[in-house]
Amino acid sequence: MNMTLLEELYEAIVDGDDDLAVELTRKGLDDGIQPITLIDDAMIPAMTEAGRRFETEEYFVPELLVAGRAIKAGLEILRPLLSAGDLHHAGRVVIGTVQGDLHDIGKNLVAVMFEGAGFDVIDMGTDVSPAEVVAAIEEHNPDLVALSALLTTTMLSMQAIIEAIDTAGLRDDVRVLVGGAPMNEERAKEFGADAYADNANAAVRTALELVAAA
Amino acid sequence: MTNQTPEIDTTCRDRVLTALDHREPDRVPIDFGGTPVSGIHVSVVAGLRQHYGLEPRLVKVHEPYQMLGLIDDDLKQAMGIDVEGVVGRETMFGFRNDSWRPWATPHGLEVLVSDDFQTMVDDRGDTLIYPKGNRSAPPSGRMPKTGFFFDTIVRQPPIEEAQLDPVDNLEEYDLLAEADLDDLDTDLREAEATGRAIIAVLPGMALGDIAFVPAPGLEHPRGIRDVTEWYVSLKKRPDYVRRVFAAQVEIALENLALIHGRVGDRYDAVMTCGTDFGTQTSAFCSVDTFEDLWSPYYRQINDWIHDHTTWKTFKHSCGSVERFMRSFVDCGFDIINPVQCSATHMEAEHLKREYGRDLVFWGGGVDTQHTLPFGSPDEVREQVLSRCEVFGTGGGFVFNAIHNIQAGTPVENVVAVVDAVQEFNRN
């Protein structure tokens, strides 16, 4: 089969082959393909496909992680060649696991999917306090705040963070998306979030909708 | 053959054995605290002691990673517990529970911890714990200032692909020494004296359990110790994973022979592995990956146990694991825990109907994510009665909450659980 370079790059990312993704990204540049073309016509569609397979359970955590690594490896090569606007056309998101909780597998999956969808991702890590989220909003002016919790005991920190954003007068400036094992739609509403997502792909889809509607 | 003395009342044990044999016992048997995945947070144990009016005493944190409290015999009696755990003396942080001293949790509760439970508070106010109680090693666990449990601190040395050696991921696994076997025997004798059924947690047999991968008990771990890197390895380095599992099983089989040589068939059930395959709505890996990487090794361990002992094998996996149930049965597991009915495709009726002939459900009794911590005592009662009805019919059920009862759970709700099981048993 005679695949174009863009198709090969797409396949490499979907398959999670980071070495091949790097090689093809470099080759694409050498062949005169514009960086933004590599991103828009191969990388983002590839990550979208990996996310779709994750949501339909053709892919699981390992497959999505390696796809994420492959797109990251390609983007690293392109980053110096692009303006921030080109790289991050989807918007900016501050993401973290909430106070008291150190679990980040789910949060990391969502972060990598956001990046693959063209978001500028400010990853605050784990055990993030309400004050730290408020400070991050003030510093980075994101479109979206994404919060994760694994533990039932820490889930309530989400509510505290959303209240702190409100108290700081910033609630109208950002949309808040929440997720994690003990969460559901009902809790998300109760805590004052704008939306809930139950998997990484749904998080991206919901984030794009929230930002578009803002 | 057992060496139990005639004067020990074995009603509790018989009840559990009947349930494990898929026959309906006189009552639904209850476990709390038999394993590190069916326990109760130390703060709730303290609350329960107070509720039941038991002798005031500090509760021992016998499992520091999840801060599980030891349920002493008086509380077991008050709660009607039928199971006794033989969990080993070494903790996940690599020190032994040999002697006890008071310690105040970050939330101000006085508890008892092992002498080697060595911690410091960092500038964030988090509590850091040292592996093997060695303060000169980097800490291996962190309890956030507002948290209630430790989580592992990943200490991942830089990975040089060409230098990766599976031996580095095996440092924590070794043959049991004579002294370890002596301890097992002593602990087993004490457990037998209670007349309860005995579940033992066998050391070193958890394959790829993400709680153990970072090696919280080692001072300077080598190999693949980062959680994400481990998951990546399932896809990128499956041969490495296979070689780790194969070598681990080789050690495990030798240890099984040593343990069985010492304790014989006096264990009723054994927990070998708590690797989680389920997430809330899906799975960590595909069934194909499970069959490829885990099944052959699980089968080796379980086959040895079934060929040489009367022990029932206990598998813990959180989350939505319906898709793995047939594989669990096929590779020789007899008991599944914690039966997370709140996860996708894990409805109690469905599980009992499809897998109840082949698997004992040890758990599933009440939802610890929603109903138990946040519901009313009436809601708790209703759920417990319903789960006892569904899972208990025809035996094959040991009552336990879905995983450990967490910090912050209202004591009256835990009491409502116990009362509801007793109510079910009376009717």
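Predicted model only: the values in this text are computed from it and were never measured.

J.: Describe the overall build of chain A, listing the residues and the values that go with them.
T.: The helix and strand tally for chain A stands at ten helices and five strands. For chain A, whose C-alpha radius of gyration is 18 Å, the value lies close to the compact-globule estimate of 17 Å for 214 residues. When each of the 214 residues of chain A is scored for burial, the buried share is 56%. When contacts within chain A are restricted to residue pairs at least 6 apart in sequence, those whose partners lie at least 24 apart make up 75%.

J.: Break down the overall build of chain B for me, citing the residues and quoting the values.
T.: When its secondary structure is counted, chain B shows twelve helices and 15 strands. Rg of the C-alpha trace for chain B: 21 Å, near the compact-globule value of 22 Å for 427 residues, within the 12% margin. Referenced to the eigenvectors of the C-alpha coordinate spread, the extents of chain B come out at roughly 65 × 45 × 45 Å. When the 427 residues of chain B are sorted by exposure, 54% land in the buried category. Pairs at least 24 apart in sequence give 72% of the contacts found in chain B among residues at least 6 apart.

J.: Hey, could you go over the pairing of strand 11 (residues 269-273) of chain B for me, with residue numbers and the actual values?
T.: Residue and element names in this part refer to chain B. When you tally the buried positions in strand 11, you get five out of five residues, the bulk of the element. As judged from the three bridges shared by strand 10 (residues 197-201) and strand 11, these two strands associate in the parallel manner. The residue bridging Val201 from the neighbouring strand is Met271, located in strand 11. The sheet contact formed by strand 11 and strand 12 (residues 312-316) spans four bridges and is parallel. Residue pairing for strand 12: Ala269 is matched across the bridge by Lys312. The handedness of the strand 11 to strand 12 crossover, carried by helix 7 (residues 287-308), is right-handed.

J.: So what's going on with the packing of helix 1 (residues 5-14) of chain A against helix 3 (residues 35-55) of chain A? Residues and values would help.
T.: Pairs of packed helices are described in terms of their axes, by the angle between the two and the distance that separates them. All names here are of chain A. Here helix 1 crosses helix 3 at 30°, and the two axes come no closer than 8 Å. Classified by the angle their axes make, helix 1 and helix 3 are roughly parallel. Helix 1 and helix 3 meet at a crossing whose hand is right-handed. In this structure, helix 1 contributes Leu6, Leu9, Tyr10, Ile13 and Val14 to the contact, and helix 3 contributes Leu38, Asp41, Ala42, Met43, Pro45, Ala46, Met47, Glu49 and Ala50. In terms of residue class, the contact of helix 1 with helix 3 is made up of twelve nonpolar, no polar and two charged.

J.: Which residues make up the environment of Ile8(B), and what values go with them?
T.: All names here are of chain B. Tracing the backbone through its elements, the reader meets Ile8 in the segment before helix 1 (11-20). Classification of Ile8 as partly exposed rests on a count of 14 C-beta atoms within 10 Å. Separated by 187 residues in the primary sequence, Ile8 and Gly195 place their C-alpha atoms 5.8 Å from one another. Apart from the residues lying within four places of it in its own chain, the contact partners of Ile8 are Ala193 and Gly195.

J.: Describe the packing of helix 4 (residues 178-192) of chain B against helix 6 (residues 238-263) of chain B, and please don't skip the residues or the numbers.
T.: All names here are of chain B. Contact pair helix 4 / helix 6: the axes reach a minimum separation of 10 Å and the direction vectors enclose 45°. Classed by the angle they form, the pair helix 4 and helix 6 counts as oblique. Considering how the two elements wind past one another, helix 4 and helix 6 form a crossing that is right-handed. In this structure, helix 4 contributes Leu181, Leu184, Asp185 and Leu188 to the contact, and helix 6 contributes Leu258, Ile259, Arg262 and Val263. Along the lines of polarity and charge, the residues of the contact of helix 4 with helix 6 split into six nonpolar, no polar and two charged.

J.: Provide a residue-level description of the nonpolar core, including the pertinent values.
T.: All names here are of chain A. One finds Ile13, Phe114 and Leu177 to be the most contacted residues of the largest nonpolar core, which totals 196 residues. Shared between two domains, this core takes at least three residues from each, and those domains are domain 1 (5-85) and domain 2 (88-213). Those residues in contact with Phe114 that lie beyond four places of it in its chain are Val93, Ile95, Phe119, Val121, Val204 and Ala207.

J.: An account of the interface of chain A and chain B is needed here, citing residue identities and associated values.
T.: Every contact between the two is made by 22 residues of chain A and, on the other side, 26 residues of chain B. When residues of the side of chain A that touches chain B are traced back to their parent elements, those giving at least two are helix 4 (61-78) and helix 6 (105-116) of chain A. The dominant element in the side of chain A that touches chain B, judged by the number of residues it contributes, is helix 4 of chain A, at five residues. Here the side of chain A that touches chain B is built from residues that sort into nine nonpolar, nine polar and four charged.

J.: Report on unusual backbone geometry, specifying residues and quantitative values.
T.: The bulk of non-glycine residues show a negative phi, and the bulk of peptide bonds are trans. Between Asn337(B) and Pro338(B) the backbone carries a cis peptide bond, its omega angle lying at 5°. Within the secondary structure, Pro338(B) sits in the loop between strand 13 (335-337) and helix 9 (348-355). At Asp127(A), a position not held by glycine, the phi torsion is positive, near 55°. Along the polypeptide, Asp127(A) turns up in the loop between strand 2 (119-123) and helix 7 (130-140).

J.: Break down helix 4 of chain B for me, citing the residues and quoting the values.
T.: Helix length check: helix 4 of chain B, at 15 residues, gives a terminal C-alpha distance of 21 Å against a target of 21 Å (1.5 Å per residue), a fit within 8%. Of the surrounding secondary structure, the elements contacted by the buried residues of helix 4 of chain B are strand 3 (83-86), strand 10 and helix 6 of chain B.

J.: Run through the sheet that holds strand 6 (residues 119-121) of chain B, naming residues and quoting values.
T.: Residues and elements named next belong to chain B. Pairing is antiparallel in the open sheet, where four strands are placed in the order 6-7-8-9. The sheet terminates laterally at strand 6 and strand 9 (151-152), the two strands that pair on one side only. Bridge count for strand 6 against strand 7 (residues 127-129) is three bridges, and the pairing is antiparallel. Across the sheet, Val121 pairs through a bridge with Thr127, a residue of strand 7.

J.: Residues and numbers for the sheet that holds strand 11 of chain B, please.
T.: Residue and element names in this part refer to chain B. The parallel open sheet is built from seven strands, whose spatial order is 3-10-11-12-13-14-15. Either end of the sheet is taken by a strand with one partner, and the two such strands are strand 3 and strand 15 (397-398). Relative to strand 13, strand 12 runs parallel, the two sharing three bridges. Bridge pairing links Lys315 to Ile336 in strand 13. Lying over the sheet, helix 4 contacts strand 3 and strand 10, oriented at roughly 170° with respect to strand 3.

J.: How would you sum up the domain arrangement of chain A? Please name residues and give values.
T.: Residue and element names in this part refer to chain A. Partitioning chain A into structural domains gives domain 1 (5-85) and domain 2 (88-213). Look at where the C-alpha atoms of domain 1 and domain 2 centre, and you get two points 25 Å apart. Residue-level contacts link 13 residues of domain 1 with 15 residues of domain 2. Only helix 3, helix 4 and helix 5 (84-87) provide two or more residues apiece to the side of domain 1 that touches domain 2. If one sorts the elements of the side of domain 1 that touches domain 2 by residue count, helix 3 sits on top with six residues. Residue composition of the side of domain 1 that touches domain 2, grouped by class: seven nonpolar, three polar and three charged.

J.: A description of the pairing of strand 3 of chain B should follow, citing residues and the corresponding values.
T.: All names here are of chain B. Of the two faces of strand 3, the one carrying Val83 and Gly85 and the one carrying Glu84 and Val86 are both buried. In terms of strand pairing, strand 3 meets strand 10 through four bridges, oriented parallel. Looking across to strand 10, one finds that Val83 is bridged to Ala197.

Analysis parameters
- Residues numbered from 1 in each chain as written.
- Chains lettered and ligands numbered in written order.
- Predicted model: local features only at pLDDT ≥ 70, side-chain atom pairs only at ≥ 80, totals over all residues.
- Helix = DSSP H or I, 4+ residues; strand = E, 2+ residues; numbered from the N terminus.
- Rg over C-alpha atoms; globule rule 2.2 N^0.38 Å.
- Buried ≥ 20, exposed ≤ 12 C-beta atoms within 10 Å, placed from the backbone.
- Contact = placed C-beta atoms within 7 Å.
- Pairing = 2+ DSSP bridges.
- Right-handed = clockwise from strand over helix to strand, strands pointing away.
- Axes fitted to C-alpha atoms, helices over the stretch in contact; angles between N-to-C directions.
- Parallel < 35°, antiparallel > 145°, perpendicular 65-115°, else oblique.
- Left-handed = near helix turned anticlockwise from the far one by under 90°.
- Nonpolar A, V, L, I, M, F, W, Y, C, P; charged D, E, K, R; others polar.
- Core = buried A, V, L, I, M, F, W, Y, C linked by C-beta atoms within 7 Å.
- Domains from an automatic or database assignment.
- Expected span 1.5 Å × (residues − 1).

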